[in-house]
Amino acid sequence: MKKVFGYLGKLSMVFAFATLLMAADCDDNRPANTSAKDEQAHTEQNQQNLNQVQPAPRITWSLERDNLIKRFKLQNDRSVMFYMYIFNEGVSAPIGYYQVNKVSSVNSQLTNTEQIVNASEHGGYTALTLPSPAEDGSYGTNGDAVFGFTPEDIYIEHNMHYIVATVPLHFTQPVNKLAIVDVATQEQLKVLMAKLDAAK
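Cut-offs applied
Residues numbered from 1 in each chain as written. Predicted model: local features only at pLDDT ≥ 70, side-chain atom pairs only at ≥ 80, totals over all residues. Heavy atoms only, no water. Buried < 20%, exposed > 50% of the residue type's maximum accessible area, 1.4 Å probe, protein only. Helix = DSSP H or I, 4+ residues; strand = E, 2+ residues; numbered from the N terminus. Pairing = 2+ DSSP bridges. Axes fitted to C-alpha atoms, helices over the stretch in contact; angles between N-to-C directions.

Draft legend 1. Geometry of the pairing of strand β1 (residues 82-87). The buried fraction of β1 is high, at 6 of 6 residues. With 5 bridges connecting them, β1 and strand β2 (residues 96-100) associate as antiparallel partners. Within the sheet, the bridge partner assigned to Tyr85 lies in β2 and is Tyr97. As paired strands, β1 and strand β8 (residues 161-165) are joined by 5 bridges and run antiparallel to one another. Residue Tyr83 lies in a different strand from β8, and its bridge partner there is Ala165.

Draft legend 2. Summary view of the sheet that holds β1. Within the open sheet, the 3 strands sit side by side as β2-β1-β8. Their pairing is antiparallel. Edge positions in the sheet fall to β2 and β8, since each has one partner strand and no second. The average angle at which neighbouring strand axes cross in this sheet is 25 degrees, direction not considered.

Nothing here speaks to function; it is geometry throughout.
Encoded structure:
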């Protein structure tokens with residue numbers, strides 16, 4: 001009986017060794033696929049060299065940040081009015097202009113556009129993001145338009161190409177002002193806006 005077990009043990013060892021040889025042979029025939037790693041190593045080495053011979057400059061003042069700060073302050077100043085010229089696609093001359101206090105997207109929201117919720121998954125919980133309803137209880141976007149209020153509190157919204165400037169722009173042909181109201185209409189707008197302010 002011992003001889004039988006000894007023979008079986010030797011046979012299993014031979015089989016295991018043969019299996020290893022076959023696996024090694026298969027691996028040898030398989031491409032190593034190291035090109036991506038080699039290129040990554042080359043890129044890293046090259047970048048380290050460039051960082052040494054051409055280091056990024058250390059600046060004490062950022063004009064980019066300066067522009068962003070100025071733009072934010074300018075667009076958040078209630079006393080500033082912008083001239084907005086709107087264009088039709090493919091037409092060089094603007095169809096008109098109006099003054100606006102600030103250009104805003106119709107997709108801007110006062111609250112977060114996403115909600116984080118916990119969902120059960122594989123016996124545990126994971127965090128997922130879901131679309132959040134707008135302030136009016138609806139979902140989705142409002143298109144690709146912009147809007148603003150004129151000095152007379154006229155609400156204007158459009159989805160045309162536009163140019164905005166803090167001063168009137170000069171064109172070869174006169175440009176019509178789009179938002180013109182009479183005294184009676186302006187008084188009605190004041191009453192409307194007063195109601196909106198009181199409802200806050």
